[in-house]
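Fold and contact review
Residues per chain are reported as follows:
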Amino acid sequence: MTNMISTSVIDAENAKRQEALARDYETLGERLARRSIDIDAIKRKVAAYGVAVPSWGVGTGGTRFARFPGQGEPRNIFDKLEDCGVIQRLTRATPTVSLHIPWDKAADLAALKEKGASLGLGFDAMNSNTFSDAAGQAHSYKFGSLTHTDAATRRQAVDHNLECIEIGKALGSKALTVWIGDGSNFPGQSNFTRAFERYLDSMKAIYAALPDDWRVFTEHKMYEPAFYSTVVQDWGTNYMIAQELGPKAFCLVDLGHHAPNVNIEMIVARLIQFKKLGGFHFNDSKYGDDDLDTGSIDPYRLFLVFNELVDAETRAAEGFNPAHMLDQSHNVTDPIESLMVSATEVGRAYAQALLVDRRALDGYQQENDALMASETLKAAFRTDVEPILAMARLENGGAIAPVATYRASGYRARVAAERPAVAGGGGGIV
């Protein structure tokens, strides 16, 4: 708690901006009223919305070539929680943290849970890791984990997921996310059908251990680290998995795990329609992985995803209860700043989607008026909802300007003085 940002710093930074915010909020409220929209109702929804922060996201990322560590890198899960606490303190939009095991293993889970509570943080979905080898494990995942040809390796991978469930139960989590890097790099290396059969058998063993009030999220990705074939490569395969496993199994959609021109918002609509949308890993991408800050490349696509979510929310779609989490890599920015901006962008897309005139949109769709249907969406997207987001943060005790307040606090310099510098590392390409 010694490193947290003080209320006095937040109050001082807010005082510089509060009068202007009040004017901006009032002006926007008048504009929205002309469209029969209650700005306070939108603000209440935004204020209640939250997106989970990944524990691994507060460290500096890297590429296959190299990693360049930043100052004050977290040394362990307790340091990570402090950084996540700063994000929630300023944005009031990230109330939970998602852990990755074994990276975040702690000997004292009660102390870990208490640390989270002291920072105002709960624990979101647990994430297993069978895409890399942990120190001391008996069998390597070089040629697969849940789909490995060797039964002992598959059992090891299953047991790891069962351990993640037990850790999550102790921390108050209610979900397990499973992503595997299994696949093949050469034609003929793997039998597609047998590999998928082994995957389903392994996942059924994991599913059987889920508590009654838990969900399991399976995640698809079109490629990498296997460059010829990937076992869980697309949403169709993911949907088959969820159907095969049962009612506690759902599909997780990572925005960066699709080819550049894939219509992700339509995938979202399909999974909602068939009651298998588990949630999201939010990020942005240029070519097909999740390395970029959310909304940094294509904020309109993020809005279109939220348009489908708000549509489902508005009509109370059956089984609709998606989990939301950020999942991105920060190679050249301060991770705390990037995560704050990304959380804001997710909230922005939600607020904009709430502004869509649903009745008008439905009418244009029924009349096949393509232009006006598109313009109805764009009218909401073009609306500057920043006053709504900032007012929600202010009234929740956060910062009107999170990044500016964070920089004024000197938090990064303080933790850099306490946490030893980390040496850079090379990637797999030389």
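Treat the numbers as computed from the prediction; the structure is a model and nothing was measured. (Residues numbered from 1 in each chain as written. Predicted model: local features only at pLDDT ≥ 70, side-chain atom pairs only at ≥ 80, totals over all residues. Heavy atoms only, no water.)

Things to note about the overall build of the protein
Using the following cut-off: Runs of E in the DSSP output that reach at least two residues are strands. Runs of H or I that reach at least four are helices, and both are numbered from the N terminus. The globule rule is 2.2 Å times the number of residues to the power 0.38, and the radius of gyration it is compared with is taken over C-alpha atoms. Each residue gets one of three labels from its accessible area relative to the maximum for its type: buried under 20%, exposed over 50%, partly exposed in between, using a 1.4 Å probe on protein chains only. Note on contacts: a residue pair is in contact if any heavy atoms of the two residues lie within 4.5 Å. A 1.4 Å probe and the Shrake-Rupley method give the accessible areas. Residues count as covered only by the protein chains that appear here.
Helix and strand counts for the protein come out as 15 helices and 12 strands. For 430 residues, the compact-globule formula gives about 22 Å, and the C-alpha radius of gyration of the protein, at 22 Å, lands near that figure. Counting across all 430 residues of the protein, residues that qualify as buried make up 53%. The long-range share in the protein, meaning contacts at least 24 apart out of those at least 6 apart in sequence, stands at 79%. As presented, the protein carries roughly 19100 Å² of accessible surface, and 53% of it is formed by carbon and sulfur atoms.

Examining helix 13 (residues 386-395)
For helix 13, a buried count of eight out of 10 residues is recorded, marking the element as mostly surrounded by other parts of the structure. When helix 13 is considered as a whole, its buried residues turn out to be Pro387, Ile388, Leu389, Ala390, Met391, Ala392, Arg393 and Leu394. Packing partners of the buried residues in helix 13 comprise helix 1 (7-33), helix 2 (39-48), helix 3 (77-91), helix 10 (335-354) and helix 14 (402-409). Positive phi shows up at Gly397, right after helix 13, with a value of about 90°.

Observations regarding the UniProt feature "domain: Xylose isomerase-like TIM barrel" (unreviewed entry) in the protein
Threshold: UniProt positions are given in the numbering used here, feature names are shortened, and annotations may be inferred rather than shown by experiment.
Those residues carrying the UniProt feature "domain: Xylose isomerase-like TIM barrel" (unreviewed entry) are residues 102-291 in this numbering. Across residues 102-291, the secondary structure splits into 36% helix and 16% strand, with the terminal C-alpha atoms separated by 21 Å.

Examining the packing of aromatic side chains
In plain terms, the rule: Only rings of Phe, Tyr and Trp enter the pairing, Trp through its six-membered ring, and a pair is recorded when the two centres are within 6.5 Å. The plane angle decides the type: under 30 degrees is stacked, over 60 is edge-to-face, the rest tilted.
A full pass over the atoms with the stated rule returns 15 aromatic pairs. With a centroid separation of 6.2 Å and 5° between ring planes, the pair formed by Phe196 and Tyr199 is classed as stacked. Within this pair, Phe196 and its partner Tyr199 are both found in helix 6 (residues 192-208), separated by three residues, close to a single helical turn. By relative accessible area, Tyr199 is classed as buried at 1%. Their ring planes at 20° and their centres at 5.5 Å tell us that Phe282 and Phe306 sit as a pair that is stacked. Here Phe306 lies in helix 9 (residues 299-314) and Phe282 lies in strand 10 (residues 277-282), a separation of 24 residues in the sequence. Residue Phe282 shares its accessibility class with Phe306, and that shared class is buried.

Quick look at the state of the cysteines
Put simply, the rule is: Working definition: a disulfide is two cysteine sulfur atoms within 2.5 Å of each other.
In the structure shown here, the tally under the stated rule is zero disulfides. Unpaired in terms of disulfides, Cys164 finds its nearest cysteine sulfur in Cys84, a separation of 18 Å. Free of any disulfide, Cys251 has its nearest cysteine sulfur in Cys164, 20 Å distant.

Digging into the pattern of salt bridges
Stated formally: Salt bridge, as applied in this entry: a Lys or Arg side-chain nitrogen positioned within 4 Å of an Asp or Glu carboxyl oxygen.
Inspection of the entire model under this criterion finds 29 salt bridges. Glu73 serves as the salt-bridge partner of Arg67, at 2.2 Å between the closest nitrogen and oxygen. Its relative accessible area of 25% is what places Arg67 among the partly exposed residues. Among the residues examined, Glu73 registers a relative accessible area of 7% and is labelled buried. Of the charged contacts, one joins Arg407 and Glu337 as a salt bridge, the two residues approaching to 2.8 Å between their closest N and O atoms. Taken together, the residues span a long stretch of sequence, with Arg407 in helix 14 and Glu337 in helix 10 at a distance of 70 residues. Since its relative accessible area comes to 57%, Arg407 is described here as exposed. Each of Arg75, Asp79, Glu82, Asp83, Lys115 and Arg419 takes part in one network of salt bridges that share partners.

What to know about the side chain of Thr237
The line we're drawing: Any pair of nitrogen or oxygen atoms within 3.5 Å is treated as a polar contact; in protein, a donor-acceptor pairing is required on top of that, and neighbouring residues in sequence qualify only through side-chain atoms on both sides.
The residue Thr237 is located in helix 7 (residues 235-245) in this model. Given a relative accessible area of 8%, Thr237 falls into the buried group. Of note is the side chain of Thr237, whose polar atom sits 3.2 Å from the side chain of Gln233. Apart from residues no more than four positions distant in its own chain, Thr237 is found in contact with Phe196, Val231 and Val232.

Some words on unusual backbone geometry
With an omega dihedral of 15°, the bond running from Ile101 to Pro102 counts as a cis peptide bond. Along the chain, Glu224 connects to Pro225 via a cis peptide bond; the corresponding omega equals 10°. Mapped onto the secondary structure, Pro225 falls in the loop between strand 7 (215-219) and strand 8 (229-230). Positive phi values are uncommon outside glycine, yet Glu224 reaches one of about 70°.

Let's talk about the environment of Arg315
Along the chain, Arg315 falls in the loop between helix 9 and strand 11 (323-326). Residue Arg315 is classed as partly exposed on the basis of its relative accessible area, which comes to 49%. Within the local environment of Arg315, its side chain forms a polar contact with the side chain of Asp311, the two groups lying 2.9 Å apart.

Things to note about the nonpolar core
Applied cut-off: Throughout, nonpolar core names a set of buried Ala, Val, Leu, Ile, Met, Phe, Trp, Tyr and Cys residues whose side chains join them through atoms within 4.5 Å.
Core analysis: the largest hydrophobic core is formed by 105 residues, its most contacted members being Leu146, Leu176, Tyr199, Phe280, Phe282, Phe306 and Ile388. Looking at this core, the element that brings in the most residues is helix 10, giving 10 residues. Contacts of Phe282, omitting those with residues within four sequence positions, involve Tyr49, Val51, Leu255, Thr294, Leu302, Phe306, His324, Met325, Leu326, Asp327, Gln328 and Val346. Counting residues in hydrophobic clusters, the runner-up holds six residues, among them Ala125, Ala175, Phe250 and Leu252.

Focus: the sheet that holds strand 7
Neighbouring strands of a sheet are bound in pairs by backbone hydrogen bonds; such pairs are parallel or else antiparallel. For clarity, the cut-off: If DSSP finds at least two bridges between two strands, the strands pair. Structural elements are reduced to axes, namely lines fitted to C-alpha atoms, with helices fitted over the stretch in contact, and the angle between N-to-C directions of any two is expressed from 0 to 180 degrees.
With parallel pairing, the eight strands of this open sheet are ordered in space as 1-3-4-5-7-9-10-11. Because the sheet does not close on itself, it has two edges, and the strands there are strand 1 (53-54) and strand 11. Looking at chain direction, strand 1 and strand 3 (residues 96-100) are connected through two bridges and run parallel. Bridging across to strand 3, Pro54 finds its partner in Ser98. Packed on one face of the sheet, helix 7 meets strand 7 and strand 9 (249-254) and runs near 160° to strand 9.

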